[in-house]
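Read off the chains here:
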Amino acid sequence: MRANQKRLIVTVVVFVAALLPLLIPHGSAPAGSSFIDKLAANIKLGLDIKGGALLEYQMLTDVSDQEMNALADRVIEVLRARLDAAGFTEATVEKVTTGISFGEDIPPVRVRVQIPGITDVSRAESLVGKTGRLYFADVLAIETSVSTPSIPAGMSLEISRRKLQGAEPYWVKELHYGEYVGGVQNNTWYFISPKVSIGSSYAELDGSVVTDAKPLVNNQPDPGKEDSWFL
């Protein structure tokens, strides 16, 4: 009888330990959500329940196995950041390896992407497969809003001048727009012009003009100035 009781106690302890991560709210539910909503935010639904898209990419290169794995890791980091920025935080990105040698039909390293909830497969392919492009733009205004902000007051003349030279400004969301940090949602928008002002004219600058780069933080950004460029 005592042995049965011990087994029962151990079983209950293991069961509770397995459920504990789900019983402690730590998901990305908005501030003010009910306890049930916060618990539900802990659960990530896969393709079998939520539906979605599954994409698998082959790593085609002549590098060594070790370099291939390192390259795949970098690709995964880029795709993970791209999906998070687009709001697909429940998506999974993983490396798939096989024992197949080079020269055969299937490369030994592949990258698999699963995006639950997305119904437009072409959008998923575009989001994951498109090539990133570095560009510079003038930041004319910064606003916080749950919807597209209105055009800033007193900027009509500047907008008209830029429009004549193909640099008409438009609103873009901050990279981590919609994410919750400390219960507060990021609702930042930037009003940017796709060409930067150089004197009285405007020029399109992209990654091809970069000869050297260092990570720095502008502690005093000044929207509208020529040095307040958007990357």
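Residues numbered from 1 in each chain as written. Predicted model: local features only at pLDDT ≥ 70, side-chain atom pairs only at ≥ 80, totals over all residues. Heavy atoms only, no water.

## Some thoughts on helix α5 (residues 121–129)
Listed as buried for α5 are Ala-124, Leu-127 and Val-128. Here the buried residues of α5 occupy an arc of 90° about the axis, which is enough to place them on one side. (Buried < 20%, exposed > 50% of the residue type's maximum accessible area, 1.4 Å probe, protein only. Helix = DSSP H or I, 4+ residues; strand = E, 2+ residues; numbered from the N terminus. Arc of directions from axis to C-beta.)

## A short note on the nonpolar core
Of all hydrophobic cores here, the largest spans 19 residues; its most connected members are Leu-83, Phe-88, Val-93, Val-111, Val-113, Ile-115 and Val-128. Elements with a contribution of two residues or more to this core: β1 (52–58), α4 (65–85), β3 (109–116) and α5. A total of five residues in this core trace back to one element, the largest contributor, which is α4. Residue contacts for Leu-83: discarding those within four places in its chain leaves Phe-88, Thr-89, Ala-91, Val-93, Val-113, Ile-115, Leu-127 and Val-128. Counting residues in hydrophobic clusters, the runner-up holds eight residues, among them Ala-141, Met-155, Trp-171 and Phe-191. (Core = buried A, V, L, I, M, F, W, Y, C linked by side-chain atoms within 4.5 Å. Contact = heavy atoms within 4.5 Å.)

## Focus: the pattern of salt bridges
A complete count under the given rule lists seven salt bridges for this structure. A salt bridge links Arg-112 to Glu-56, with the shortest nitrogen-to-oxygen separation between them at 2.7 Å. Note that Arg-112 is positioned in strand β3 and Glu-56 in strand β1, a separation of 56 residues in sequence. Judged by its relative accessible area of 24%, Arg-112 falls in the partly exposed class. (Salt bridge = Lys/Arg side-chain N within 4 Å of Asp/Glu carboxyl O.)

## Side note on the sheet that holds β3
Across the sheet, three strands lie side by side as β1-β3-β2; this open sheet has antiparallel pairing. Since the sheet does not close on itself, it has two edges, and those belong to β1 and β2 (92–97), each with one partner. Direction aside, neighbouring strands of the sheet carry axes that sit 20° apart on average. On top of the sheet, α5 reaches β1 and β3; it is set at about 40° to β1, its chief contact. (Pairing = 2+ DSSP bridges. Axes fitted to C-alpha atoms, helices over the stretch in contact; angles between N-to-C directions.)

## Topic: the confidence of the model for the chain
Looking at the chain, pLDDT values average 75 and 72% of them are 70 or higher. The low-confidence segment residues 226–231 (pLDDT under 50) makes 25 contacts with residues lying over four places distant or belonging to another chain. (pLDDT = per-residue confidence, 0-100.)

## Things to note about a nonpolar patch on the surface
A cluster of nonpolar side chains, namely Leu-134, Val-209 and Val-210, defines an oily patch on the protein surface of about 210 Å² accessible area. Within the secondary structure, Val-210 is located in the loop between β10 (201–203) and β11 (229–230). Note on Val-210: relative accessible area 34%, which makes it partly exposed. (Patch = residues over 30% accessible without salt bridge, like charges linked within 9 Å, V, L, I, M, F, W, Y side chains within 5 Å. Areas by Shrake-Rupley, 256 points an atom, 1.4 Å probe, with all protein chains shown as cover.)

## Let's talk about the pairing of strand β8 (residues 188–193)
With six of six residues buried, β8 lies mostly within the body of the structure. As judged from the six bridges shared by strand β4 (residues 137–144) and β8, these two strands associate in the antiparallel manner. Looking across to β8, one finds that Thr-144 is bridged to Thr-188. Sheet topology note: the strand β5 (residues 170–173)/β8 ladder contains four bridges and is antiparallel.

## Points about the packing of aromatic side chains
The final tally for this structure, using the stated rule, is two aromatic pairs. Aromatic pair Trp-171 and Phe-191: ring centres 4.8 Å apart, planes at 40°, arrangement tilted. Taken as a pair, Trp-171 in strand β5 and Phe-191 in strand β8 lie far apart in primary sequence, 20 residues in all. Given a relative accessible area of 13%, Trp-171 falls into the buried group. Ring centres of Tyr-177 and Trp-189 lie 5.4 Å apart, and the angle between their planes is 70°; on these two criteria the pair is classed as edge-to-face. With Tyr-177 in the loop between β5 and β6 (180–181) and Trp-189 in strand β8, this residue pair connects regions lying twelve residues apart in the sequence. (Phe/Tyr/Trp six-rings, centres within 6.5 Å; stacked < 30°, edge-to-face > 60°.)

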